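# Understanding the architecture of this molecule
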Amino acid sequence: MKLSELLQEQELGDWRRTHYSKEILPTLDTKQITVMGWVSSTRSHGNIQFVVIRDRLGEIQVTAKRGECSDKVLDQLSHIKEHTSLAVKGKVRAQNRSPNGIEVIPTEVRIFSLAKQAAPFTIQAKRSTVGIDTRLDLRAIDLRRNFLRSTFGIRHTTLSSVRAFLDAKGFIEVNTPKMIATATEGGAALFPIFYYSKEAFLAQSPQLYKEQLTMAFENVYEIGPIFRAEPSRTKRHLSEATSIDVEQAFADYNDLMDLLEAMIKHIIDSINDKHRDDLESMHSTLPKIKTPFPKYRYDEIIDKLQAKGERIRWGDDINPQIMKGLSNEVFNGDTFYYIIDWPTAIKPFYVKPTSRSEKFCESFDLMYGSLEISSGSTRINRKESLLGNMKKQGLNTDMFDFHLRVFDYGVPPHAGFGVGLERLIMVLMNIENIRDATFYPRDIDRLTP
Ligand code: AMO
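Here's a quick rundown of the structure. From a predicted model like this one, the values you see are computed outputs, not experimental measurements.

Structurally, Asp245 can be placed in strand E11 (residues 240–249). Measuring from C-alpha to C-alpha, the distance between Asp245 and Gly376 comes to 9.4 Å, with 131 residues separating the pair along the chain. Asp245 has contacts with Pro206, Lys210, Val220, Tyr221, Glu222, Phe417 and Gly418, leaving out every residue within four places of it along the chain. Reaching out from Asp245, the side chain makes a polar contact with the side chain of Ser243 at a distance of 2.5 Å.

Okay, here's the thing in structure tokens:
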């Protein structure tokens, strides 16, 4: 038979998978099954051809031996490359020498789509040897790598455990507009868009909307994209990130810090519960949680930094580079901790000043090592105070009319936070570059794939 005939691509037709790789156990010995997936590796030993097929749950070895299967099947399996998508019908055989103690003796092969060339990386390695840009250019294939498949499985569990945790506490999930009229997060730049004949922006945060929604629903959360025009290239910033935004009525920032701490603990417990195999195969462990998370006042951190000789003044933002210098005093090893009571002037206009002094506000950043994972605060809930703060920050209050008008109708005391999902995944999975914590990263240099 000619090679082109042997390797002819076929339709799915009436073939259906009977078992996932993981479901094929020695107890199925001699049973006829159909597996579907992609070729993950091939190996040839004279008259025997081994082909490992992977599906979304794992891998199964197909063993084609001359005499035990047709010559056509042996020839087909001898010529296909890694990443080819195919189905194999065959008989299960318990086999001590095979991975998982099981193999499939093929009777028929249906090739759906041939891999035309070798991929520029192997899918088994935990850390890839090629540069991240090469991988991102072929992201859909890169995502087949074991490490990333586990990472995104764990990301999924993170999100489902956040939902379960907040739902159990009486929060409802909301969605707020992503095309908006005004900025909310002072420092972060906006992406302008055309909105019919007007200028509009992609939302930096659901901030004002989640606050307003506490008026009807009290406790709300949103998991969605936030857009930040980040002019710099760093390993911790994306232009499009995912935020877990939480807002609670009749609560202040201390309540929200407790809630966030319990949420992080719940996420880590859920992952340890569901992903033991993934963590073992990656030789990874999740961060150990020590509760309560320590709290350091902004003032204290500045004093410590100045005592170390760092060039930082009261009122400056604290960047990760500078924080690295405090590793022994503050985050001995890597731990979660809060920096609280920031200067009012460097936090957004909606953050409530402390009753002790207007100079400070009821705000917190959740840190892991030198990385900021979340920020949150008690919000201003009275119109005059909000107007006052907006004017101090030089904002055009007319632009916020749509928001200010609800303050005539009983805004409850409220507080909230936003967690950067990709930053959290970086910490959980010990990922160095935030681009690997999202499916299709967007940054100053990348708008495709
Ligand atoms: P903030 O601007 O601090 O606060 O953002 C909250 C969290 O979102 C993550 N984050 C980012 N992650 C990746 N790339 C980015 N460019 C990026 N920008 C922010 C960080 C950060 O801690 N409205 C407030 C939250 C609140 O008070 O409820 C806000 O947006 O992990």
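Having seen the structure, we can now continue with the description.
The strand order across the open sheet built from 3 strands is E7-E9-E8, with neighbouring strands paired in antiparallel fashion. Edge positions in the sheet fall to strand E7 (179–180) and strand E8 (192–195), since each has one partner strand and no second. Taken together, the 2 bridges between E7 and strand E9 (residues 198–202) define a ladder with antiparallel strand orientation. Looking at E9, one finds that Ile180 is bridged to Phe201.

Counted according to the given criterion, the structure contains 28 salt bridges. We note a salt bridge from Glu9 to Lys116, for which the minimum N-O separation is 3.5 Å. Placement of Glu9 in the loop between helix H1 (3–6) and strand E1 (32–45) and of Lys116 in the loop between strand E5 (102–113) and helix H3 (132–137) is noted, with a sequence separation of 107 residues between them. A salt bridge links Arg435 to Asp443; the shortest N-O distance between them is 2.7 Å.

Inspection of the region around the ligand gives 24 residues, with Gln207, Lys210, Glu372, Ser375 and Arg379 positioned closest. With respect to the ligand, the side chain of Ser205 contributes an N or O atom lying 3.2 Å from a nitrogen atom. In the environment of the ligand, an oxygen atom lies 2.5 Å from a nitrogen or oxygen atom belonging to the side chain of Glu372. When the ligand is considered free in solution it has 630 Å² of accessible area, and contact with the protein chains removes 92% of it. Elements supplying a minimum of two residues to the shell around the ligand: helix H6 (207–217), E11, strand E15 (371–378) and strand E16 (414–420). Classifying every residue of the shell around the ligand by side-chain character gives 6 nonpolar, 9 polar and 9 charged.

Next up on the list: empty space enclosed by the protein. It is a probe the size of a water molecule, rolled over the atoms, that shows where empty space is left. Enumeration according to the criterion identifies 1 cavity of 30 Å³ or more in this entry. Lining the largest cavity are Glu211, Gln212, Met215, His403, Val406, Phe407, Val411 and His414. Among the elements that make up the lining of the largest cavity, the one with the highest residue count is H6 (3 residues). Per-class residue counts for the lining of the largest cavity are 4 nonpolar, 3 polar and 1 charged.

Overall, the coordinates contain 13 aromatic pairs when judged by the stated rule. Between Trp314 and Phe360, the aromatic rings sit 5.7 Å apart at their centres with planes inclined by 90°, giving edge-to-face as the arrangement. A residue pair is termed long-range when its members are at least 10 positions apart, and Trp314 in the loop between helix H9 (298–307) and helix H10 (320–323) and Phe360 in the loop between strand E13 (336–340) and strand E14 (363–368) qualify at 46 residues. Cation over ring: Lys359 sits above Trp314, and NZ or CZ is 4.5 Å from the ring centre.

The next thing to look at is H9. All of the buried residues along H9 are Tyr298, Ile301, Ile302 and Leu305. The buried side chains of H9 occupy one side of the element, clustering within an arc of 100° when seen end-on. Buried residues along H9 sit in contact with strand E12 (295–297), H10 and E13.

Reading the values: the criteria
Residues numbered from 1 in each chain as written. Predicted model: local features only at pLDDT ≥ 70, side-chain atom pairs only at ≥ 80, totals over all residues. Heavy atoms only, no water. Helix = DSSP H or I, 4+ residues; strand = E, 2+ residues; numbered from the N terminus. Contact = heavy atoms within 4.5 Å. Polar contact = N/O pair within 3.5 Å; in protein donor to acceptor, adjacent residues only side chain to side chain. Pairing = 2+ DSSP bridges. Salt bridge = Lys/Arg side-chain N within 4 Å of Asp/Glu carboxyl O. Near = heavy atom within 4 Å. Areas by Shrake-Rupley, 256 points an atom, 1.4 Å probe, with all protein chains shown as cover. Nonpolar A, V, L, I, M, F, W, Y, C, P; charged D, E, K, R; others polar. 1 Å grid on protein atoms, 1.4 Å probe; cavity = no way out; pocket = protein on both sides within 12 Å on 5 of 7 lines; lining within 4 Å. Points joined across faces, edges and corners; volume = space filled by probe spheres on them. Phe/Tyr/Trp six-rings, centres within 6.5 Å; stacked < 30°, edge-to-face > 60°. Lys NZ or Arg CZ within 6 Å of the ring centre and 35° of its normal. Buried < 20%, exposed > 50% of the residue type's maximum accessible area, 1.4 Å probe, protein only. Arc of directions from axis to C-beta.

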